[in-house]
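# Tertiary structure, described
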Amino acid sequence: MKFLAFVFLIIALILEASLTTIPFVLLVLLCLLVIVRENWLFIFAFAFGLVLDLVTFKALGASSAFFVILLFLVLLYQSKFEIATNTFIFFVSFLGSFGYLSLLGYNNNIISQALVSSFIGLILFKLLQRLKIHIYG
Amino acid sequence: MQKRNFTSYFLIFLVMSLIIFGASKIGLLRPLDSLGKAIASPFQALTYGTFAKITEFGSNSKLQELKAQNLALTQKLVDQSKLIADNKALRDQFQTQNPKSTNLIEADVIGAPAFIPGISVPESLILNRGENDGVRIGQAVVYQDNLIGKIVGISSFSANVMLITNSASSFTVKTMATQSQGVIKGQGGGEMILDNVVLSDNLQTQDLVLTKGDVDTSNLGFPPDLVVGEISAISKNPSDLFQKADVKSLIDFSKRTKVFVVVNY
């Protein structure tokens, strides 16, 4: 699963670094966390956040801190409620993307970008769920 | 997953992120930052170039050709207008001009933050040229004689260009036919307005808007007579102090993969 996560994160990083501001890395991290719920995702969040900041002219560490905080909040939420649901993914993708784009200084079409992120998050979630079932049975 | 377990991971990586963030903000990580960008920029250029080609796939090639011809003709029109003005100035012995050659550095567009194809237009571009190539903050970025934007961020191997349509962009301009002066303000989303034009001036639709020129002693700023765009609509109200106009750039920023930085004027 780690290798699969790495591949997905690399693709997300390439897309986000050169093509769009939709926070693909955040979405992949979020979906992976909901599906696998492993601590190594914090390491990935930290490392990919740093690389993302490097290639998108942000202050190093800004994205890492945001990703790590978001993962932590999701894990806190899981102790009380079921998080592996479409509704949860949709809303957290929207709020996470909105917060990320706002905090890092983007000011154009944030709501529409967050909305697109929510749908992409849902598709990613379904895809990763199927892949997990395919790999682990 | 145990709560205590993931809390310790969270705290460790949050503290590390914040330390790096602080160090980056005060400039301690600049060499590392530049090295990382140098390594990443070829990959970004490749990806951006590939996606730019994909978005062009299926578009009308005849239309693209006509657009290119239109740009070339516009450039000739501006050159001609400038020549006429130069000749007039010489004849009148009012002033003499000795135009310096404009030195350009060619740069590849390797990224376009805040850009989603089909949803939004780019607000800024990342170039594969930086401080080591002679690029400085404040220099103009052009394509042919069309103004693209201004360098606002820089590292050793890359630069960040704020496009003229960015909501933070604002500079003085003049119109080509009527020589009306005003301020062009980016509105975001690919829009610009020409503002602060006095009511007594005459604006015309389809008139070209050119930079007035604000190059300083360090050779930074916009050279004069670069094409900013074309007036598409005019808003003139007698009760207002100034009249306004919508201006559309002749360049499709989302399809630009190569631009030029004006390093000396």
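Coordinates for the structure precede this section.
How each quantity is defined
- Residues numbered from 1 in each chain as written.
- Chains lettered and ligands numbered in written order.
- Predicted model: local features only at pLDDT ≥ 70, side-chain atom pairs only at ≥ 80, totals over all residues.
- Helix = DSSP H or I, 4+ residues; strand = E, 2+ residues; numbered from the N terminus.
- Buried ≥ 20, exposed ≤ 12 C-beta atoms within 10 Å, placed from the backbone.
- Contact = placed C-beta atoms within 7 Å.
- Nonpolar A, V, L, I, M, F, W, Y, C, P; charged D, E, K, R; others polar.
- Core = buried A, V, L, I, M, F, W, Y, C linked by C-beta atoms within 7 Å.
- Axes fitted to C-alpha atoms, helices over the stretch in contact; angles between N-to-C directions.
- Left-handed = near helix turned anticlockwise from the far one by under 90°.
- Pairing = 2+ DSSP bridges.
- Expected span 1.5 Å × (residues − 1).
- Parallel < 35°, antiparallel > 145°, perpendicular 65-115°, else oblique.
- Arc of directions from axis to C-beta.

Let us look at the overall build of chain A. Summing up its helical and strand segments, chain A has 6 helices and 0 strands in all. Shown N-terminal to C-terminal, the secondary structure of chain A runs as helices and strands in the order α-α-α-α-α-α. When each of the 137 residues of chain A is scored for burial, the buried share is 50%. In chain A, 62% of the contacts between residues at least 6 apart in sequence involve partners at least 24 apart.

The subject of this paragraph is the interface of chain A and chain B. Contacts between chain A and chain B engage 36 residues on the former and 39 residues on the latter. Classifying every residue of the side of chain A that touches chain B gives 21 nonpolar, 14 polar and 1 charged.

Another point: the nonpolar core. Ranked by size, the top nonpolar core spans 56 residues in total, and within it Val 25, Val 28, Leu 29, Cys 31, Ala 45, Val 68 and Leu 71 of chain A carry the most contacts. Only α1 (2-18), α2 (24-36), α3 (40-55), α4 (62-78), α5 (86-103) and α6 (110-136) of chain A together with α1 (3-25) of chain B provide two or more residues apiece to this core. Core analysis: the next-biggest nonpolar cluster, separate from the first, contains 44 residues, Ile 110, Ile 148, Val 197 and Leu 208 of chain B among them.

Residue and element names in this part refer to chain A. Interaxial distance between α2 and α5 falls to 10 Å at its minimum, and their mutual angle equals 145 degrees. In this structure, α2 crosses over α5, and the sense of that crossing is right-handed. On α5, the residues that touch Leu 26, Leu 27, Leu 30, Cys 31 and Val 34 of α2 are Ile 89, Val 92, Ser 93, Gly 96, Ser 97 and Tyr 100. By residue class, the composition of the contact of α2 with α5 is 8 nonpolar, 3 polar and no charged.

The next subject is the pairing of strand β6 (residues 170-175) of chain B. All names here are of chain B. Across 5 bridges, β6 lies against strand β7 (residues 181-188) in antiparallel orientation. Bridge pairing in β7 links Val 173 to Gly 182. Connecting β6 to the antiparallel partner β7 that follows it, the hairpin turn spans 5 residues, and Gln 179 within it adopts a positive phi of roughly 60 degrees. Note that β6 and strand β9 (residues 208-211) share 3 bridges and pair antiparallel.

Let us look at α1 of chain A. Counted at 1.5 Å a residue, the expected span for α1 of chain A with its 17 residues is 24 Å, and the 24 Å between its end C-alpha atoms agrees. Among all positions in α1 of chain A, only Ala 5, Phe 8, Leu 9, Ala 12, Leu 13, Glu 16, Ala 17 and Ser 18 of chain A are buried.

In this section: the packing of α1 of chain A against α3 of chain A. Residues and elements named next belong to chain A. One can describe the packing of α1 onto α3 by two numbers: an axis separation of 11 Å at closest approach and a directional angle of 20 degrees. Accordingly, the angle class assigned to the pair α1 and α3 is roughly parallel. Where α1 crosses over α3, the two elements pack in a sense that is right-handed. The residues of α3 that touch α1, namely those facing Lys 2, Ala 5, Leu 9, Leu 13, Glu 16 and Ala 17, are Trp 40, Phe 44, Phe 48, Val 51, Leu 52 and Val 55.

Before going further, it helps to examine α5 of chain A. Residue and element names in this part refer to chain A. Its 18 residues give α5 an end-to-end C-alpha distance of 25 Å, which sits within 8% of 26 Å, the value for a rise of 1.5 Å per residue. Among all positions of α5, only Ile 89, Val 92, Ser 93, Gly 96, Ser 97, Tyr 100 and Leu 101 are buried. Across the axial projection of α5, the buried residues extend over an arc of 145 degrees, all falling on one side. Across α5 from its buried face, at more than 90 degrees, point the exposed residues Thr 87, Ser 102 and Leu 103.

This paragraph deals with the environment of Gly 213 of chain B. Residues and elements named next belong to chain B. Residue position: Gly 213 is located in the loop between β9 and β10 (227-235). The class of Gly 213 is partly exposed, set by 17 C-beta atoms lying within 10 Å. Once the C-alpha coordinates of Gly 213 and Phe 171 are considered, the two residues, 42 residues apart in sequence, prove to be 8.9 Å apart. Dropping the residues within four chain positions of it, Gly 213 is found in contact with Phe 222, Pro 223 and Pro 224.

Purely geometric numbers; function is a separate question.
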